[in-house]
Number of protein chains: 2
Amino acid sequence: MSYKVLDVNSVVEYLLSIKEVVEFFGTESLNAVEIGDGNLNYVYKISSEQEPEKALIAKQAVPYLRCVGEQFPLSRERMTYEIRALEKFYKIFPNFVPKVYHSSEAMSIVVMEYLDSHIIMREGLINRVKYTKFSEHISTYMSATLFYTSSIAMSSLNKRELIGKFNGNTELCKLTEDLVFSFPFMEHETNDNENVENNVNAKKLFEDYEFKERVLELKYKFMTQSDALLHGDLHTGSIMINENETYVIDPEFAFVGPFGFDVGALLANLVNNYIHHSVVTKDTEFMEWLLQTIKEILDKFCEKFLNYWSESKNSALCVAGFLNEKTLHDYKKRFVKKILKDSVGFAGCKMARRVYGVAGVAEIRGVKDVTLRGEAEALALLIAREFVMNYDKIDTSDEILEIIKNAG
Amino acid sequence: MSYKVLDVNSVVEYLLSIKEVVEFFGTESLNAVEIGDGNLNYVYKISSEQEPEKALIAKQAVPYLRCVGEQFPLSRERMTYEIRALEKFYKIFPNFVPKVYHSSEAMSIVVMEYLDSHIIMREGLINRVKYTKFSEHISTYMSATLFYTSSIAMSSLNKRELIGKFNGNTELCKLTEDLVFSFPFMEHETNDNENVENNVNAKKLFEDYEFKERVLELKYKFMTQSDALLHGDLHTGSIMINENETYVIDPEFAFVGPFGFDVGALLANLVNNYIHHSVVTKDTEFMEWLLQTIKEILDKFCEKFLNYWSESKNSALCVAGFLNEKTLHDYKKRFVKKILKDSVGFAGCKMARRVYGVAGVAEIRGVKDVTLRGEAEALALLIAREFVMNYDKIDTSDEILEIIKNAG
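Going by the annotation in an unreviewed UniProt entry, the name recorded for chain A is S-methyl-5-thioribose kinase, with Candidatus Sulfurimonas baltica given as the source organism. Here chain A is described in UniProt, under the heading Sequence similarities (unreviewed entry), as follows: "Belongs to the methylthioribose kinase family."

So, in structure tokens, the structure goes:
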């Protein structure tokens, strides 16, 4: 089928031509409602007329930025990478990725499980919901997806094929290069310029060349380090959650990049939430839970990554018997420590870019009171700077918590 | 045309169907002689019957390792990457790359300039020929090819397209992973096992886990760092040279990998030649020239790399105006210093692998006298170990020379 943009009517017509979808519903009477509030794509909830609780999600990419319109072209091939990533991550750990019922790269569409009892994690965290199983879930998701798509687990051939499958996701990688690592730290039309004007902190940031030199170092890692298949945009808005379940969605930024980028994205978003509460709700108990959660995520991530590694005796990287037990152990320890360090560096970039860059987060930019917002921004910049300037000296999760607490 | 293996007769027939070739010779009376002594491919010298000094080289890859035969399959697609690399490198700096008259990925063949007044550099160096223009030439070649195929010079889109063009060169990358970074440091059937048996130095090397842990670190860089388009096998056997000209040939191992790998390969081969002379000819004057040449190559490489960079104000990595002059300067200095460090590490791996690995070099394995050969091997392992253990502490070319001289 050749590509066409679907609407609330034609999406039903399209889906009725898909065997797996008709089988799922067991009926041909379907309803579609547009539910997406995303910037990029059209998202429909499709449900059975007879049993409305039976539902699927259909998500279609259009060849422009949806929230702006056709005058901001953005190739719809981003959906190709989302489809491929969903498929790959689902194979590695189906528990944490929505089940896909149908996908078409030609139509830039994916039809998947409707997560009816889950909310966007960012909303939950703003409302101080403690997700007690989250650290366990997300540390498994991150360690498994990163480990099993790396050269430590894959053969050289399979790793190169994986790189090939995602190498074309240039446009979204370029978005990250620009909007995470460059424009938010200099005068630029894409910034939140209403806030930038006459703002001493913005001026200070834009002239903080020592900091920006380190950002460039991290940007270079992002551009050239082909460790593993990343989600590529793992913030708390890409996580659907409830008490018992965690789903990671929207991997359209997926590409083979540096390990630390996903871990760092999550870290940045949890710290931004911590900052929000330290300024707005001052709920010290929730803040303490957040810190504990950050520590658990990082420690468990390292532990599980090493566990997967110990189950995998032979790989493209490490031929069985090449090292003895002690040196292999030392090598692995250094290896995960380096992931931790890089994660802190990337987290710093990701936090700082949310302050004046084009895409703000609810926790900081959403703070209505101008004074409080300013406080939150200053705190975010302070922690971000510590992260970026010292990331390569970090050895433990405790040192990360110290930086966060000392800034508060 | 569908692929078929050519012989000394059919290669002429094939070439007569190529317009550029017929134009070059201006005649249809051509002679072909097989001249290749390579391990992998068939190489023919094609010349005009009327004017025998008018000649071209035709090189065809066969789907097996030529020196072993059809029982050792190796996909002929390696020629695809050689063709693409020759084309890319020629565009960057035509002076140092043979001119291609015809190529066909389907036929796995390339027809190029015949370098009649040049010899393989390794032979020249063994015979103590001082190539006084070499450091100037090769530093330009390396700095230009590496700089202009990196994310510092290219747009994100072009860089990713470049990665895509070479990403499929898996087989030869895997050969390097195995034969440079793994098998030569452990018991393995591919090694020079006649020499390994009952050899205390081999036993010591295979059990030097501290060294091998560092080799693994460098192997990981080789596998995952996508800095620039590499030649991939830049030893002195891949260089055709005379007093005035330098040509880099045989880029079939080309892929987008770490900057330091090409520079390191060359460094390793020059040091191996130094070791040869320090043990065999004891020609201190030539040895001094070699050291001076190494220093000049490394210093000029860094200088020229920085010069190209200063001409390139805006790139995927560094948006114009992102840093101020001082921090950009510091960043660039650190950047090339890191290339130097990595080069030393890769040089160490490349030197050590020549000692017991499958592919020896004439300078060491070719030494007939067993005692002298043992001395050369020990010296190579000593320098290689210093390189690998200390590569990340190296700051200047002088420190590299010190390591070489102190070992002697």
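From this point, the narrative continues.
**Q** I'd like a description of the relation of the copies chain A and chain B, backed by residues and values.
**A** Both copies of the chain are related by one operation, a rotation about an axis with a shift along it. It takes a turn of 180° to lay chain A on chain B, together with a shift of 0.0 Å along the axis; the resulting RMSD is 0.0 Å. Taken together, the rotation angle and the small translation identify this as a two-fold axis. Ranked by how close their C-alpha atoms come to the rotation axis, the residues of chain A are headed by A:Gln225, at 2.5 Å. A symmetric contact is evident, with 100% of the interface residues of chain A recurring at the interface of chain B.

**Q** A description of the domain arrangement of chain A should follow, citing residues and the corresponding values.
**A** All names here are of chain A. Segmenting chain A into domains produces domain 1 (10–113) and domain 2 (119–407). Centre-to-centre, using C-alpha coordinates, domain 1 lies 27 Å away from domain 2. Summed over both partners, the interface of domain 1 with domain 2 buries about 2100 Å², with 70% contributed by carbon and sulfur atoms. At the boundary of domain 1 and domain 2, one finds one salt bridge. In this structure, Asp250 and Lys59 form a salt bridge, with 2.5 Å as the shortest nitrogen-oxygen distance. Where domain 1 packs against domain 2, one counts seven residue pairs in polar contact (both at pLDDT 80 or more).

**Q** Tell me about the interface of chain A and chain B, and name the residues and values.
**A** In this assembly, 47 residues from chain A lie in contact with 47 residues from chain B. The contact between chain A and chain B buries some 4300 Å² in all, and 59% of this surface belongs to carbon and sulfur atoms. Summed over the three residues of chain A that lose the most area to chain B, namely A:Arg160, A:Tyr220 and A:Phe322, the buried surface amounts to 19% of that side. On inspection of chain A and its partner chain B, the count reaches four salt bridges. Among the ionic pairs, B:Arg334 bridges to A:Glu213, the shortest N-O distance being 2.9 Å. The interface formed by chain A and chain B contains 19 residue pairs in polar contact (both at pLDDT 80 or more).

**Q** Which residues make up the sheet that holds strand S10 (residues 239–241) of chain A, and what values go with them?
**A** In a beta sheet, neighbouring strands pair by backbone hydrogen bonds and run either parallel or antiparallel. Residue and element names in this part refer to chain A. On the basis of which strands lie adjacent, the open sheet formed by three strands has the order S8-S10-S11 and antiparallel pairing. Edge positions in the sheet fall to strand S8 (119–120) and strand S11 (246–248), since each has one partner strand and no second. In the sheet, S10 pairs with S11 via three bridges, with the strands oriented antiparallel. Paired with Ile241 across the strands is Thr246, a residue of S11. Contacts from helix H5 (residues 134–148) reach S10 and S11 within the one sheet, and its direction differs from that of S11 by about 35°.

**Q** Please provide a residue-by-residue account of the sheet that holds strand S6 (residues 100–104) of chain A, values included.
**A** Residue and element names in this part refer to chain A. Across the sheet, which stays open at both edges, the five strands sit in the order S1-S2-S3-S7-S6 with antiparallel pairing between neighbours. Whereas interior strands pair on both sides, the edge strands pair on one side only; in this sheet they are strand S1 (30–34) and S6. For this sheet the average axis-to-axis angle between neighbouring strands, irrespective of direction, equals 20°. Examined bridge by bridge, S6 and strand S7 (residues 109–113) share four bridges and lie antiparallel to one another. Residue pairing across strands places Val100 opposite Met112, the latter belonging to S7. Across the sheet, helix H3 (residues 78–92) is in contact with strand S2 (41–48), strand S3 (55–61), S6 and S7; its angle to S7 comes to roughly 35°.

**Q** Give a description of the pattern of salt bridges that names residues and reports values.
**A** For the coordinates displayed, the defined rule picks out 54 salt bridges over all chains. Measuring nitrogen to oxygen at the nearest pair gives 2.8 Å for the salt bridge that ties B:Asp192 to B:Arg373. Here B:Asp192 is found in the loop between helix H7 (170–179) and helix H8 (193–196), whereas its partner B:Arg373 is found in helix H14 (residues 370–390), with 181 residues between them in sequence. With respect to burial, B:Asp192 and B:Arg373 carry one shared label: buried. Among the salt bridges present, the one from B:Lys338 reaches B:Asp342, with a minimum N-O distance of 3.5 Å. Of this pair, B:Lys338 and B:Asp342 are both found in helix H13 (residues 325–356), four residues apart, which corresponds to roughly one turn of the helix. Ionic contacts of the salt-bridge type, sharing partners, join the residues A:Glu213, A:Arg214, A:Glu217, A:Asp392 and B:Arg334 into one network.

**Q** Report on H13(B), specifying residues and quantitative values.
**A** Residues spaced three or four apart along an α-helix point in a common direction, a consequence of the helix completing one turn every 3.6 residues. Here H13(B) spans 48 Å end to end across 32 residues, near enough to the 46 Å set by a 1.5 Å rise per residue. Burial analysis of H13(B) places 23 of its 32 residues in the buried class, which makes it a mostly covered element.

**Q** Give me the environment of B:Lys165: which residues, what numbers.
**A** All names here are of chain B. With respect to the element layout, Lys165 can be found in helix H6 (residues 156–166). Taking the C-alpha atoms as reference, Lys165 lies 16 Å from Ser108; in sequence the two are 57 residues apart. The contacts of Lys165, once residues within four sequence positions are left out, are Tyr81 and Arg84.

**Q** For the packing of H7(B) against helix H10 (residues 209–224) of chain B, give the residues involved together with the corresponding values.
**A** All names here are of chain B. Two numbers describe how H7 lies on H10: the axes approach to 10 Å, and their chain directions differ by 175°. Accordingly, the angle class assigned to the pair H7 and H10 is roughly antiparallel. Of H10, the residues touching H7 (which contributes Cys173, Thr176 and Glu177) are Lys219, Phe222 and Met223. Its residues assigned to classes, the contact of H7 with H10 shows three nonpolar, one polar and two charged.

Basis of the calculations
- Residues numbered from 1 in each chain as written.
- Chains lettered and ligands numbered in written order.
- Predicted model: local features only at pLDDT ≥ 70, side-chain atom pairs only at ≥ 80, totals over all residues.
- Heavy atoms only, no water.
- UniProt positions renumbered as here; feature names shortened; annotations may be inferred.
- Least-squares fit on C-alpha atoms with pLDDT ≥ 70 in both.
- Contact = heavy atoms within 4.5 Å.
- Domains from an automatic or database assignment.
- Buried area = accessible area lost by both parts, 1.4 Å probe.
- Salt bridge = Lys/Arg side-chain N within 4 Å of Asp/Glu carboxyl O.
- Polar contact = N/O pair within 3.5 Å; in protein donor to acceptor, adjacent residues only side chain to side chain.
- Pairing = 2+ DSSP bridges.
- Helix = DSSP H or I, 4+ residues; strand = E, 2+ residues; numbered from the N terminus.
- Axes fitted to C-alpha atoms, helices over the stretch in contact; angles between N-to-C directions.
- Buried < 20%, exposed > 50% of the residue type's maximum accessible area, 1.4 Å probe, protein only.
- Expected span 1.5 Å × (residues − 1).
- Parallel < 35°, antiparallel > 145°, perpendicular 65-115°, else oblique.
- Nonpolar A, V, L, I, M, F, W, Y, C, P; charged D, E, K, R; others polar.

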